[in-house]
Amino acid sequence: MEIRFEQTKNPKAKPTDESKLGFGHIFTDHMFAMNYDAGQGWHDARIVPYGEISLSPASMCLHYGQEIFEGLKAYRTADGTVQLFRPDENYKRMNVSAARMVIPAIDEEFMVEATKKLIEIEKDWVPHTDGASLYIRPFIFATDPYVGVKPADHYLFLIILSPSGPYYSTGLDPVKIYVEQKYVRAVRGGTGFAKTAANYAISLKGQDEAHEQDYEQVLWLDGVEQKYIEEVGSMNIFFVIDGEVITPELTGSVLPGITRKSALEVCKSKGIKATERRITIQEVADAYDAGKLDEVFGTGTAAVISPVGHLKWGDKVMTINDNKIGPISQMLYDTMTGIQWGKIEDTFGWTVKI
Ligand SMILES: *Cc1c(COP(=O)(O)O)cnc(C)c1O
């Protein structure tokens, strides 16, 4: 499929102070768009000026939430090249999400090429500051003007880009996490493994109550017994117990993070024992009491590695590794960000140059 290009007539001024970028507020000059119509398939791929879109108030996505998304980043290396990190994995996962939400599949290779073309056009928007990057948000939603419940016949696929500041402005500060015991995020047979807006909508209430108690994020337990650990809701979770790296296995209610997968591969390449299995919150608490809970960290595209300093489960507050980043978390952070920003050799073949 050809990609039509319509250049903006009103380019915006680029942010001058990259230390104030924050996350997700600023958008670049262009976006990618493509339509799906039943009978015609995906068509009219185009890169057009970033701007408002018009939708019927009856658009199905607004009523029943048929939407999926992805999140990845473009990194500027020291020699000025811009690169992506495992973009093929994002589009592969997008098709898994699409299948669950009855959204028509996309051509994964074409989407990697379309993303590269969009970044090529917008490459001056990729920040120069160490740790800053260009966040890439592909998403698909149902646009049929119809308020009945059924899979839609019409969809819009957009990719928007947002220059974002370093996740950690003052070093790798450990986060405070609260183990959710009232609400659940995903259940067996549900949509936990899909990257869909609905999973986020239902997580807001727990997040809100955690914030009231001065905790930054929620650790979700399984939706049936609230016994087994699942994930943080925007990050996967890892524990280091007695030297072994453990992360919950993918049982269908956990999002298969690309950072999670990469962290497991890095551990294995360094000869560190890394296991995917079911793990209960009780086992974590017992390991803590026995002095064997060495490290806890989250993984996700935004933070890469996010050390957990405090974990609160009911009345029990566990302070992990003296509220400091541990050696395995630090090694994973250095290795993965080193590859992403081109500071160390990518022996895994994960980066894709623009
Ligand atoms: C995106 C996401 C993650 C992290 O996935 P990465 O591919 O590592 O960025 C974890 N959990 C949920 C629910 C997510 O949506």
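In case you missed it, the structure is sitting above this.
These numbers come from a predicted model, not from an experiment. (Residues numbered from 1 in each chain as written. Predicted model: local features only at pLDDT ≥ 70, side-chain atom pairs only at ≥ 80, totals over all residues. Heavy atoms only, no water.)

Enquirer: Please give an account of helix 3 (residues 108-121) that cites residues and values.
Expert: Over its 14 residues, helix 3 extends 20 Å from the first C-alpha to the last, a length consistent with the 20 Å expected when each residue adds 1.5 Å. By the burial criterion, the buried members of helix 3 are Phe 110, Met 111, Val 112, Ala 114, Thr 115, Leu 118 and Ile 119. One side-chain oxygen of the residue at the start of helix 3 lies 3.2 Å from the amide nitrogen of Glu 109, identifying that residue as Asp 107. (Helix = DSSP H or I, 4+ residues; strand = E, 2+ residues; numbered from the N terminus. Expected span 1.5 Å × (residues − 1). Buried < 20%, exposed > 50% of the residue type's maximum accessible area, 1.4 Å probe, protein only. Polar contact = N/O pair within 3.5 Å; in protein donor to acceptor, adjacent residues only side chain to side chain.)

Enquirer: Go over the pattern of salt bridges with me, naming the residues and quoting the values.
Expert: The full count for this structure, using the stated rule, is 23 salt bridges. The closest approach of N and O atoms between Glu 276 and Arg 260, which form a salt bridge, is 2.9 Å. Note that Glu 276 is positioned in strand 14 (residues 274-276) and Arg 260 in helix 6 (residues 258-269), a separation of 16 residues in sequence. Note on Glu 276: relative accessible area 37%, which makes it partly exposed. A single salt-bridge network, built from bridges that share partners, covers Arg 86, Glu 89, Lys 92, Lys 261 and Glu 265. (Salt bridge = Lys/Arg side-chain N within 4 Å of Asp/Glu carboxyl O.)

Enquirer: I'd like to hear about the site of the ligand, residue by residue, with values.
Expert: Residues in contact with the ligand amount to 15 residues; listed here are only the nearest, Lys 195, Tyr 200, Glu 231, Thr 259 and Thr 301. The side chain of Arg 93 places a nitrogen or oxygen atom 2.8 Å from an oxygen atom of the ligand. For the ligand, an oxygen atom lies 2.7 Å from a polar atom in the side chain of Lys 195. Across the complex, the protein chains shield 96% of the 380 Å² of accessible surface that the ligand would expose by itself. A breakdown of the residues in the shell around the ligand according to their chemical character gives four nonpolar, seven polar and four charged. (Near = heavy atom within 4 Å. Areas by Shrake-Rupley, 256 points an atom, 1.4 Å probe, with all protein chains shown as cover. Nonpolar A, V, L, I, M, F, W, Y, C, P; charged D, E, K, R; others polar.)

Enquirer: Hey, could you go over the packing of aromatic side chains for me, with residue numbers and the actual values?
Expert: In the structure shown here, the tally under the stated rule is 13 aromatic pairs. A centroid spacing of 5.4 Å and a plane angle of 5° characterise the contact between Phe 27 and Tyr 50, whose relative ring orientation is stacked. With Phe 27 in the loop between strand 1 (4-5) and strand 2 (30-37) and Tyr 50 in the loop between strand 3 (41-49) and helix 1 (60-64), this residue pair connects regions lying 23 residues apart in the sequence. The partly exposed category is assigned to Phe 27, whose relative accessible area is 22%. Classification of Tyr 50 as partly exposed rests on a relative accessible area of 30%. Here the aromatic rings of Phe 32 and Phe 157 are separated by 6.0 Å at their centres, their planes lie at 85°, and the arrangement is edge-to-face. Taken as a pair, Phe 32 in strand 2 and Phe 157 in strand 8 (residues 154-164) lie far apart in primary sequence, 125 residues in all. The exposure class of Phe 157 is buried, given its relative accessible area of 0%. Clustering of aromatic rings is evident, with ring pairs tying together Phe 32, Tyr 36, Trp 42, Tyr 155 and Phe 157. (Phe/Tyr/Trp six-rings, centres within 6.5 Å; stacked < 30°, edge-to-face > 60°.)

Enquirer: Quick one: what's the story with unusual backbone geometry, residue by residue and with numbers?
Expert: Even without being a glycine, Asp 242 presents a positive backbone phi close to 55°. On the secondary structure map, Asp 242 appears in the loop between strand 12 (236-241) and strand 13 (244-247). One non-glycine residue, Asp 322, lies in the positive phi region at around 60°. Mapped onto the fold, Asp 322 is located in the loop between strand 17 (316-319) and helix 8 (327-340). Owing to a relative accessible area of 58%, Asp 322 belongs among the exposed residues under this scheme.

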